[in-house]
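Observations on the three-dimensional arrangement
Spelled out, the chains give:
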Amino acid sequence: MSRVVRSVVTGVGGYLPEGVVTNDDLAKTVDTSDEWIRERTGIRQRRKAADDQPVSDLAVEAARRALAAAGRTAADVDLIVVATTTPDLTFPATATIVQRKLGAPIGIAFDVQAVCSGFVYALSTADGFVARGRSKCALVIGAECMTRLMDWTDRGTCVLFGDGAGAVVVEPVEGEGTTEDRGLLGFALRADGTKQDLLYVDGGVSTTRTTGYLRMQGNQVFRHAVVNISEAVTAAAADAGLEVSSVDWFIPHQANQRILEGVAKRLGIDEHKVISTVAEHANTSAASIPLALDQGIADGRIKPGQLLLLEAMGGGLTWGACVLRL
Ligand code: UT7
């Protein structure tokens, strides 16, 4: 095998805003119950950003923690990709706001919009820069204030989402070109625009000129999630030249505990290999995977050198998977 440059995740960080909203809190204002939410979704609580806390603040905090974990500083960063559906402003990109707040030097900065799949899409985008020698130190951030998109009278959606941010530092490292290399080893990205009506926001700059509210046909999305994610995961593993069975940890997008378990079962992944944060974080869209990764590292389960499988599905519909060795 010839030596190749791999995009390696060298640091991970997460940030959750302080405000906690429990299921009982929501049951005071919408027709729902702690029991229904826990049984149908596994969610016990979610975090809510303060009114004066924009998504860039969450992203910056996660980025600082990821840089510290990688032993880097903002001065090293030459690429920032932010996956978000809830930007501070329509423009500029939240990534450039993060660059300014971090004090990172002039470099490349832009946002990726693939809703809940955003982090996997952003990671793949950054891989294109890092593995081709166009970035020496990239920040890939998933950051969301999903509570700002909620219709608080719609019990079918408002109980599901939360706010937060997760970040990774990605750096080029030479590998042997084998599956033992550290780095992003395989991807599968998918989109099907014909399924827009299943999950979307009913407002936008060039249509209603409003922000709009999240609308979802939950049970339809649920069905697509379990079936489509399994195909993408198998394709990402094949892209890496690996079997799904060799994965040490499965770190799915955290939408619903029943989806996590359904996908794991379909793929034959042992339940003990699944990292789940859905109970405490709820669905933080593009932030959920890096937050779960951060949690798994912080509590000592995920270790350097282990093989990780990430997957997500969201509005679009978009979905995708990534196999990486930490
Ligand atoms: O990250 C992006 C992707 N999003 C997802 O992956 C979400 C996917 N979908 C889901 O997680 C689930 O479909 C939900 C949690 C949204 C809903 O669970 P479900 O088992 O599919 O329930 P359902 O939509 O079929 O609704 C069953 C019943 C309905 O009542 P009726 O019509 O049977 O009387 C709903 O009105 O549950 C009712 N319901 C609620 N009841 C209490 C819906 N939301 C609530 C609620 N509290 N919060």
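Relevant structure appears above.
Here we summarise the structure given alongside this text. (Residues numbered from 1 in each chain as written. Predicted model: local features only at pLDDT ≥ 70, side-chain atom pairs only at ≥ 80, totals over all residues. Heavy atoms only, no water.)

Regarding the overall build of the protein
Summing up its helical and strand segments, the protein has ten helices and 13 strands in all. Compactness check: the protein gives a C-alpha radius of gyration of 18 Å against a globular reference of 20 Å for 326 residues, within 12% of the reference. Counting only C-alpha atoms and orienting by the principal axes, one finds that the protein spans roughly 60 × 45 × 40 Å. The 326 residues of the protein split such that 55% are buried. Summarising the internal contacts of the protein: among those between residues at least 6 apart in sequence, 76% fall at separations of at least 24. Carbon and sulfur atoms make up 49% of the accessible area of the protein, which totals about 13700 Å². (Helix = DSSP H or I, 4+ residues; strand = E, 2+ residues; numbered from the N terminus. Rg over C-alpha atoms; globule rule 2.2 N^0.38 Å. Buried < 20%, exposed > 50% of the residue type's maximum accessible area, 1.4 Å probe, protein only. Contact = heavy atoms within 4.5 Å. Areas by Shrake-Rupley, 256 points an atom, 1.4 Å probe, with all protein chains shown as cover.)

Comments concerning the sheet that holds strand β11 (residues 249-252)
Taken in spatial order, the four strands make up an open sheet running β8-β13-β12-β11, and their pairing is mixed. Looking at which strands have only one partner, the edges of the open sheet turn out to be β8 (183-191) and β11. Going across the sheet, the axis of each strand differs from the next one's by a mean of 15°, ignoring polarity. Sheet topology places strand β12 (residues 307-314) next to strand β13 (residues 318-325); eight bridges connect them, and they run antiparallel. By the bridge assignment, Gly314 is partnered in β13 with Thr318. (Pairing = 2+ DSSP bridges. Axes fitted to C-alpha atoms, helices over the stretch in contact; angles between N-to-C directions.)

Let's talk about the side chain of Ser56
Within the element layout of this structure, Ser56 appears in helix α3 (residues 55-70). Accessibility expressed as a relative area gives 0% for Ser56, which makes it buried. A polar atom in the side chain of Ser56 sits 2.6 Å from the side chain of Asp88. (Polar contact = N/O pair within 3.5 Å; in protein donor to acceptor, adjacent residues only side chain to side chain.)

What about the nonpolar core?
The nonpolar side chains of a soluble globular protein tend to be buried, and buried together. Among the nonpolar cores identified, the biggest contains 47 residues, and Leu214, Val233, Val244, Phe250, Ile269, Leu309 and Val323 are the most heavily contacted of them. Of all elements in the fold, only β8, α7 (218-240), α8 (257-267), β12 and β13 reach the threshold of two or more residues within this core. For this core, the leading source of residues is α7, giving nine residues. Built from parts of two domains, this core gets at least three residues from each of domain 1 (4-175) and domain 2 (183-325). When neighbours within four sequence positions are excluded, Val323 is seen to be in contact with Gly183, Leu184, Leu185, Gly186, Ala236, Ala237, Ala240, Leu242, Leu307, Leu308 and Leu309. Listed in part, the 34 residues of the second largest apolar core include Val81, Val170, Leu184 and Leu310. (Core = buried A, V, L, I, M, F, W, Y, C linked by side-chain atoms within 4.5 Å. Domains from an automatic or database assignment.)

Quick look at the side chain of Gln45
Within the element layout of this structure, Gln45 appears in strand β3 (residues 45-48). Gln45 gets classed as buried once you look at its relative accessible area, which sits at 18%. In this view, Gln45 contacts Val20, Val21, Thr22, Asn23, Val278, Ala279, Glu280, His281 and Ala282; residues no more than four positions away in its chain are not counted.

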